[in-house]
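# Analysis of the macromolecular model
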Amino acid sequence: MNALFQRLIAPITKRKWFAGRYRLKRRLGTGGMAEVWLAERDDGRAVAIKRILSHLDDDASIRLCFRDEARLGSLLNHPHLVRQLEHGYIDQTPFIVLDYVDGLSLRQLAEKAYGAGTTLPLGLCLRLVAEVAEALYHAHQATDAEGKPLNLVHRDISPDNILLNEHGQAHLGDFGVARADCNQRITANGSLCGKLAYMGPQQASAERIDHRADQFSLAVVLFELLACRRLLADTTPARTLGRILYTDLPSITEVTVGLPQAVVKIIDKALSRDPEDRYENCGQFAADLRLVGRHFDACEDESYEALLAHLQSLDGQPEPLPLAARVKRRVRVRRWVPVADHTELGFVA
Ligand SMILES: Nc1ncnc2c1ncn2[C@@H]1O[C@H](COP(=O)(O)OP(=O)(O)O)[C@@H](O)[C@H]1O
Ligand SMILES: [Mg+2]
């Protein structure tokens, strides 16, 4: 039996210990390039281990991407970024060990609420997006060990890559396709990285982009959370691209009811077609979100747990947000959060 075949048929769970000190538990997710496993470190700490899919082990460009991701992870440190604990090699295959984020992804939370026929409270949406904007600001400012700016752009901001812990705090992860000056791989001109349905016009047409591309993508995430529908996604990639490049997108005021004017202004600015019209940086975007967010319950800790219990108590299976064209009704923005004992509803602002 050749070595490659052996690796294909031997799931990594068969090994009792991974890298000498991690016990693998279950697979958390699989992407195009890597798989992520929940594991327990020898000191009992829960971690997530990311490694290249075994059939891609020998792909030099994927190994380079993975090494770039590990290097960036070791240079970044922010309370709203998924923390990298270590990286290394096992049988010459690179792996990354991350703090385990024990909760839902933002996509899962949005789908849970939508499937239950309800919307997420405004204060929660504003807080989560502000947390990610702060994490992005940190990443955009990051430097290498010698203090040279990395000029980092995440390029894959989407609700799947925003993980919420059990207290409802956001953690941005997956720097797998991030661009940075310290990267060893070279992204060919014209190649697209990230999810098309969250890209701004510059990224989608493979122009040179900077950190303001991430701001646009994050604003798409906020729009979708509040409007309970997709903004750019369409039935085919070609139609999605057409929407991004050639369609006048609906303003959030056309698809929601009761959204404060201050929030409309923030979303419109961050979603500007021309990057010059967006916020200068994600720090300013976050500051404005925090400023309006002060008037609403940010839905943290017990309040977040009460919200999850409330969603659980409603009937319905998680359901993907519908495409824009399929929705005719405007969504009423929810300003209240379920109070702690979730027997009544608390009104906020
Ligand atoms: N630190 C973590 N804690 C919990 N789950 C994680 C963690 N990292 C990744 N995951 C899960 O694995 C999935 C894939 O991980 P990600 O880093 O986004 O890789 P990919 O490049 O395959 O998208 C995530 O969407 C998430 O569900
Ligand atoms: Mg991902």
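Residues numbered from 1 in each chain as written. Chains lettered and ligands numbered in written order. Predicted model: local features only at pLDDT ≥ 70, side-chain atom pairs only at ≥ 80, totals over all residues.

Positive phi outside glycine occurs at Arg-155, with the angle close to 70 degrees. One can find Arg-155 in the loop between helix H4 (122–141) and strand S6 (162–164). Despite not being glycine, Cys-299 shows a phi value in the positive range, around 60 degrees. Take Cys-299: there are 24 C-beta atoms within 10 Å of it, and that puts it in the buried class. (Helix = DSSP H or I, 4+ residues; strand = E, 2+ residues; numbered from the N terminus. Buried ≥ 20, exposed ≤ 12 C-beta atoms within 10 Å, placed from the backbone.)

What follows is about the environment of Pro-121. Within the secondary structure, Pro-121 sits in the loop between helix H3 (106–115) and H4. Note: C-alpha distance between Pro-121 and Cys-299 (178 residues apart in sequence) is 7.9 Å. Leaving out residues up to four positions away in the same chain, Pro-121 has contacts with Asp-297, Cys-299, Arg-334, Arg-335, Trp-336 and Val-337. (Contact = placed C-beta atoms within 7 Å.)

Attention now goes to the sheet that holds strand S4 (residues 84–90). Read from one edge of the open sheet, five strands run S1-S2-S3-S5-S4, paired in antiparallel fashion. In this open sheet, the two strands that pair with only one neighbour each are strand S1 (22–30) and S4. Mean inter-strand twist for the sheet, computed between neighbouring axes without regard to direction, equals 25 degrees. With seven bridges joining them, strand S2 (residues 34–41) and strand S3 (residues 46–52) adopt antiparallel strand pairing. Counted as the bridge partner of Trp-37 is Ile-49 from S3. (Pairing = 2+ DSSP bridges. Axes fitted to C-alpha atoms, helices over the stretch in contact; angles between N-to-C directions.)

Partitioning the protein chain into domains gives domain 1 (8–99) and domain 2 (106–348). Computed over C-alpha atoms only, the centres of domain 1 and domain 2 are separated by 26 Å. Each side of the interface is counted separately: domain 1 has 17 residues, and domain 2 has 23 residues. Per-element accounting of the side of domain 1 that touches domain 2 gives the leading share, 10 residues, to helix H2 (residues 60–75). In terms of residue class, the side of domain 1 that touches domain 2 is built from nine nonpolar, four polar and four charged. (Domains from an automatic or database assignment. Nonpolar A, V, L, I, M, F, W, Y, C, P; charged D, E, K, R; others polar.)

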